[in-house]
Amino acid sequence: MSELSSAAAAANVSGAAPPEAPKLPPRQWAKENLFSSPFSSFLTIATSMVLLVISRALLGFIFNPIRQWNSTATNMQLFFTRAYPDEQYVRVWSSLAAIIILTSVSMAVWRAGSSIPLSRLGRKLLAGAVLLVLLALLAPFSASATIQWTLVAVCVAAIGEGIRRSAGKGEDERSVSSLTVLVVTLAGLVASLWVVPFGHHTYIPSRQPRVLAESGTVALTTKLPWTIMLLIAVAAYLVGRVIRERLPLNPTRVTLLVLWLLAPPVLIYLVLRDPSFDMGHVVSTDLPIFAAYAVGGSLLLSWLTRPSTGEAGRIVAVVILIAGFCTFLTPMRMVVRLDMLLLAVFALAAPTFAGGPRNRKRYVLGWLGVLGVMSWLITAINTPSTVSVPGGFFIGGFSITLMVAVLTLVLSFPLGIALALARTSTMPIFRLLATWFIEFVRGVPLITILIFFSIMVPLFLPRGMHLGEVAAVVIGYVLFSAAYLAENVRGGLQSVTRGQHEAAEAVGMTTAQKTLFIVLPQGLRVAIPPLVGHCIGVFKETSLLAIIGVFDVLYIGRIVIPGQTEFMGSTKENLLFVSVIYWVFAYQMSKASQRLEERTGLGER
Amino acid sequence: MTTAPTTRERVSQRVPLWRDVIVLKWVTQVALLLVVLGTMWFLASQAGDNLRARNINTEFDFLERPVDIQISEGIDTHPDTGGRALWAAMVNTLRLSISGIFFASILGVVVGLARLSDNWIVRRIATGWVEVLRNVPLLVQMVLIYSALTALPRVGLDTGPVNGWLHISNKGISMPRVFIADGFYQWAVVVLVGVLVAHFVRRHRQAVQDETGAHTSPTLWALGTVAVFGLIGLFIHPIFSWLGPVFDGVADLLGSLPNAVPQVLLAAIVVGLAAIWIHRFISSRRSALGHLSISDDDCFRIAFTAVASLAVVALIARWTGFSAWTLNSGQDLFAVMADKFDVDGAARPFDAMRPDIIQKGRFPNYGTNGLSMSLGFASVFFAVVFYTSAFIGENVRGGILAVPKGQTEAAKAVGLGRGQIIRHVVLPQALRVILPPTGNQYLNLTKNTSLAVAVGMSDMVQVGTTVFNQTGMTLPVVAIWMLFYLSCSLTISVIVNWFNVRMRLVER
Amino acid sequence: MTDTTPTEPDGGQTRDLSAARDMIVCENVSKWYGDFQALEQVSATIKEQEVVVVLGPSGSGKSTWIRCINHLEVHQEGRIIVDDVELTNDLRNIEQVRSEVGMVFQQFNLFPHLTVRDNVTLAPIWVRKKPRAEAEAEATALLERVGIPEQADKYPGQLSGGQQQRVAIARALAMEPKIMLFDEPTSALDPEMIKEVLDVMKTLALSGMTMMVVTHEMGFAKEVADRIIFMEGGQIVEQGTPQHFFENPTEDRTKLFLSQIL
């Protein structure tokens, strides 16, 4: 009980943040934070002992010479891309570069990052040095290794103290941008690739797998690309700053968002898959279909978006929708059907965006853009890849983890919003269908849905149609994620007051306009923190791919590598590594979401 | 007050169908319904064709057919039929979930309070615990724990920290077991009587308190009464041995009943329970004026109850074996009960045993004496408890922080002591914030136990997978999974809702 | 300020509006919430350019009535005809009525995620289908008219209550409505801000706008209204000129109300 009371008292004294008292001298700080009462002193001593024992055991485990850490080092490529052919690896690097460029430019345009006071930075480095010393003392090192680690710690401490001294006090306290710290850290890491002898591990998957482990720095094929990536990141950030100053802000941001949206499919198909188009087929079939829809659709939509069109337009849109469904009754190319449905969606939405010539032109351009992307995607999916690897899906490891996570999020986002809108709608059948779907999906574990889809999707398909196992599983992920996402979005939508709905209706907006311009922008803004949480959840849930038997990072770490003759039974090492990968990503995302929450909390609302 | 007739004439009364808001609304909805139903029908017919083409059966008769399944632990390790296998698996899942919820709650509260502690080290450790466990996938943690446990020393008489009492080895964990012995049932009857008496004692004390205003602690008195009865019962329980022959008579009676009786009875009970529940539910949603306001969630619950009860009735009607089994087990139950009461006066209600180690084939393993956890069970259990404790800890922390500072100050101002403040002011308000998200975590924990399939622990999903791999009955097994997990989810949400309502009453 | 010449400079005296056309016609309008009858056989006709103030104790159905006129609430019996368009289930009629009737709410209901300028231009661009440049020019003019041209690029949360309500009036005016409905426009305001909003409303009334105002501001009612309608229990109890209403009301319930409020 006294623990609870002290906790409650602490909560009442400090409010939201735990008390940080940097100004106190060490002795007083220790008295207040470690030995404030007999019980607290007891806790301090007891937990320190336990902590020491546990860290000693953990370090003993990690630095034990019998640990096969070179199983992890050797299989690094397997972990991240599995069987991706070496000669095509430049594609992986270019896709990574594309993401890095986008990230850096976005960071510059959105002014990401904050400033850190130098004194705080110095204190953090000092704390790091203390940890390093503890590590050197606790780990079962040889004497020379202990001395080396201690020396590193002393260097870090010296740098930290130097920074702290130079920080200045009071008014003219100097601070540094968090991005600078990030770049310096990354530069240090990259430089270490060229200097520190991590060892040179390769794995030759021939008939008799051999492991080469040489001393020295890592292979050139690792350190050179990473160096280039760092340079690209810095360069892209500088370009982004120029863009921010020279170009109008809002169009730039919209362009970047569109690029972010387009990046996953484009990278997955253009860079990682690179379809070998049968140009004869493209010219004879795909292009004509695209052209027909582009011309016909543009004319139709430009007529539909005229303010004077009125109800006739709605009737035409419904006719197109029905025609779209009817196309499923007669055999024809899938692309024709999908384009028809897409056109129907655009036609139905047309009255919402009707207006002057500028609006109409924009709407038609939007149609052409979406149609183009979709046609290209469909053609790309239906074309064999130039990367051919014998047996199964060639990519795996962390790449497939990321790919499934991103695809799931991108696809489930619209579905989730639609479900949330249906669930908050005034129309009972919409509401009922959405509620049933959401409650049903949320009531059962993800693994049963994944098993269900990996078995059932092949059965659902008409004869002659095939879908890869990964695609089938992604459908399961998407439905599952959409149900949870819908609940998060619903929370946001419900925070939009009734007055907002009424005000929008009173100025004559249609339901579609009200939803698009008033309800969704406000609702989604409120839902940002739970949505980021949802993204982390989806990322973590991709580990379930291992149960289905997809070669994701967990499957490789748990089954594949410990099965190699050289590294029999190296499960624990590799699982620890997998945990660290997941942790780094998920932790960074959750930190980012906290910062985002603080920023939106401060912003104008 | 009057209307100009000209105006009235100028207004057209007829609304064309395609512009009538209400017609449009309903047409859209029905169209969507048709599209959804059409898609489902299309998929179902495709699946049906494909299933027929591949000779996959969709009957439930596998439940009665023999299967060859080894279950890692639980009430039955070599079940003879598919139904029995799923039953044993279900018990395993429930055992995991319930014990997991219990321990995760305790650990979660500890973590949440530690996050708010005055002590810097404790706070930091708790923060680290939460940040590490929340951000690593549960499955990864589970297999990591599993691989760490498999590296434990081989089982032997002297493995474990406390020799002969607690074994921790590569076969799992085994500890002493307290179990109910022969005299338990007689003792239980004594306690039952005690509970009845306690009820009256409580009522009486409550009446006294209401009348005089003195603190009579009715709950404490009731608990004391039960304890006294339990204690006395340890010595006098044989006085109830006359119940044995009575149960014998009931068992004989049940044996002479035809099969149709339990069938009708079971169906009636199921339908009756569902009807009562729906009725009570609907009346609980009725406002004081008699207006009915039913949300979609409520609709879902009502419809699910109705459908589930009908499904159970259909199962009872079609699967005659079930009612026969019920009848037989009823008969068996009473026979067993008769047996249980037919013991001599010296029998003890409880007994305890230390874990034992026996030779199973070529390897030593735990025997049945101790309370044993297999490796799979242990790794799933620890993983879900640790993982969920991080989330519950955050809920607890948030809940306590959500109580405004002014509340404690006000309580201090009216002269309440520290303990009273926590019990009467902080806790009720914090619990109101903590409970709903924690209920969600309980749901997640239950669903997360399905990851046990990855470490070979025989839960619903693992056994179901084995069953449909052996029999090809994919759809029925999936249907059973869905029914089971949905029932669990609904049960937990009903319980949490009940607590919530109670908390709101306390608050008033 | 672009005031058209008012027909009568002093609104306290009655204008002769009998020749004007009917703007709003309500015939036996009834509405129920469950068993509770919110409106009971409400009948009234509001002429073009007329300013009607609706008074009554809270819960008397005033707000419900004017919200029915904008189809924010749906009446269950009777007819409502706005500018010769009857409010039925006809989609086109509802759209037409809504774009002709402006509404100002007690809680302002500005869109918090848009700047003041976007708040005003949103509906003209998307509902009236005007080009953006034109809509923005009009918005600037309107903001000038309500006296806050300098706040155009701020967000509603940065404005005071009075300023927000004036933006709300500008937003409603941007749709060029023929009728303006005010649902207790000053009830959520601090006393010192009420005047700035009432001033805007007065100029609007003088410019010849047809207005229906639910309010508790008796001064405004006396000064500006052509007619006062007193409601209680969902019924119209009494109506007449301000002079008649405040000086010699006929009904007991009106007298009681006035004695409580004055």
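Residues numbered from 1 in each chain as written. Chains lettered and ligands numbered in written order. Predicted model: local features only at pLDDT ≥ 70, side-chain atom pairs only at ≥ 80, totals over all residues. Heavy atoms only, no water.

Glancing now at the overall build of chain C. For chain C, the count of helices and strands is nine helices and ten strands. At 18 Å, chain C has a C-alpha radius of gyration in line with the 18 Å of a compact globule built from 262 residues. Relative to its 262 residues, chain C shows a buried fraction of 59%. Contacts in chain C between residues at least 24 apart in sequence constitute 67% of all its contacts with a sequence separation of at least 6. With 25 positive and 40 negative side-chain charges, chain C shows a separation of 4 Å between the mean positions of the two kinds. (Helix = DSSP H or I, 4+ residues; strand = E, 2+ residues; numbered from the N terminus. Rg over C-alpha atoms; globule rule 2.2 N^0.38 Å. Buried < 20%, exposed > 50% of the residue type's maximum accessible area, 1.4 Å probe, protein only. Contact = heavy atoms within 4.5 Å. Lys, Arg positive; Asp, Glu negative; His and termini not counted. Charge placed at Lys NZ, Arg CZ, Asp CG, Glu CD.)

All chains considered together, the criterion is met by 36 aromatic pairs over all chains. With a centroid separation of 5.4 Å and 70° between ring planes, the pair formed by F346(A) and W367(A) is classed as edge-to-face. Of the two residues, F346(A) sits in helix 14 (residues 334-353) while W367(A) sits in helix 15 (residues 357-381), which places them 21 residues apart along the sequence. Assigned by exposure class, F346(A) and W367(A) land together as buried. Above the plane of the ring of F111(C) lies R171(C), whose end atom (NZ or CZ) is 4.6 Å from the centre. (Phe/Tyr/Trp six-rings, centres within 6.5 Å; stacked < 30°, edge-to-face > 60°. Lys NZ or Arg CZ within 6 Å of the ring centre and 35° of its normal.)

Our focus in this paragraph is the interface of chain A and chain B. Counting from both sides, the interface comprises 77 residues of chain A and, opposite them, 78 residues of chain B. Here chain A meets chain B over a buried area of about 6,800 Å², counting both sides, of which 70% is carbon and sulfur. Counting every contact that joins chain A to chain B gives zero salt bridges. Linking chain A with chain B are ten residue pairs in polar contact (both at pLDDT 80 or more). Grouping the amino acids of the side of chain A that touches chain B by side-chain chemistry returns 46 nonpolar, 19 polar and twelve charged. (Buried area = accessible area lost by both parts, 1.4 Å probe. Salt bridge = Lys/Arg side-chain N within 4 Å of Asp/Glu carboxyl O. Polar contact = N/O pair within 3.5 Å; in protein donor to acceptor, adjacent residues only side chain to side chain. Nonpolar A, V, L, I, M, F, W, Y, C, P; charged D, E, K, R; others polar.)

This next bit is on the sheet that holds strand 2 (residues 172-175) of chain B. All names here are of chain B. The strand order across the open sheet formed by three strands is 1-2-7, and the pairing between neighbours is antiparallel. The two strands at the open ends of the sheet, each matched to only one other strand, are strand 1 (167-169) and strand 7 (371-373). For this sheet the average axis-to-axis angle between neighbouring strands, irrespective of direction, equals 10°. Where strand 2 meets strand 7, three bridges bridge the pair, whose relative direction is antiparallel. Each bridged residue has a counterpart across the sheet, and for S174 the counterpart in strand 7 is S372. Packed on one face of the sheet, helix 12 (residues 375-402) meets strand 1, strand 2 and strand 7 and runs near 75° to strand 7. (Pairing = 2+ DSSP bridges. Axes fitted to C-alpha atoms, helices over the stretch in contact; angles between N-to-C directions.)

Turning our attention to the interface of chain C and chain A. Contacts between the two partners involve 25 residues from chain C, matched on the other side by 30 residues from chain A. Counting the surface lost from both chain C and chain A, the interface buries some 2,400 Å², and carbon and sulfur atoms represent 60% of this. Per-residue buried area on chain C facing chain A is highest for H113(C), W126(C) and K129(C); these three make up 29% of the total on that side. Run the count over chain C and chain A and you get four salt bridges. The partner of R98(C) in a salt bridge is E505(A), and the shortest N-O contact between them spans 3.8 Å.

Right, let's talk about the side chain of T88(C) for a bit. For T88(C), the location among the structural elements is in the loop between strand 5 (85-86) and helix 2 (91-100). When its relative accessible area of 16% is taken as the criterion, T88(C) is described as buried. With sequence-adjacent residues up to four places away left out, T88(C) is seen in contact with V15(B), H71(C), N93(C) and I94(C).

This paragraph deals with the packing of helix 6 (residues 184-212) of chain B against helix 7 (residues 218-236) of chain B. Residues and elements named next belong to chain B. Between helix 6 and helix 7, the least distance of the axes is 8 Å, while the angle of their chain directions is 155°. Considering their axes alone, helix 6 and helix 7 lie roughly antiparallel with respect to each other. In the packing of helix 6 onto helix 7, the handedness of the crossing is right-handed. Residue classes in the contact of helix 6 with helix 7 are distributed as 14 nonpolar, seven polar and two charged. (Parallel < 35°, antiparallel > 145°, perpendicular 65-115°, else oblique. Left-handed = near helix turned anticlockwise from the far one by under 90°.)

For the rest of this paragraph, the subject is the pairing of strand 6 (residues 101-104) of chain C. Residues and elements named next belong to chain C. Residues V101 and M103 line one face of strand 6 and the alternating positions G102 and V104 line the opposite face, and both faces are buried. Taken together, the four bridges between strand 6 and strand 7 (residues 179-183) define a ladder with parallel strand orientation. Paired with G102 across the strands is M180, a residue of strand 7.

Counting 141 residues, the largest nonpolar core has Y477(A), L544(A), L554(A), M142(B), V380(B), V463(B) and W481(B) as its most contacted members. Residue contributions to this core peak at 14 residues, all from helix 19 (residues 469-494) of chain A. Apart from residues lying up to four places away in sequence, W481(B) is in contact with T448(A), I451(A), M460(B), V461(B), G464(B), T465(B) and F468(B). (Core = buried A, V, L, I, M, F, W, Y, C linked by side-chain atoms within 4.5 Å.)

Residue and element names in this part refer to chain B. Note that P349 resides in the loop between helix 11 (320-341) and strand 4 (350-353). Its relative accessible area of 5% is what places P349 among the buried residues. Sequence separation of P349 and H237 is 112 residues, and the distance between their C-alpha atoms is 8.5 Å. Excluding its chain neighbours within four sequence positions, the residues that come into contact with P349 are F179, I180, A181, G183, F184, W187, L234 and H237.

This part takes up the sheet that holds strand 7 of chain C. All names here are of chain C. If you trace the six strands from one edge of the open sheet to the other, you get 6-7-8-3-9-10, paired in mixed fashion. In this open sheet, the two edge strands, each paired with only one partner strand, are strand 6 and strand 10 (235-240). For this sheet, the mean inter-axis angle between neighbouring strands, taken without regard to orientation, is 20°. Summarising the sheet, strand 7 and strand 8 (residues 210-214) pair through five bridges and their orientation is parallel. Paired with F182 across the bridge in strand 8 is V213.

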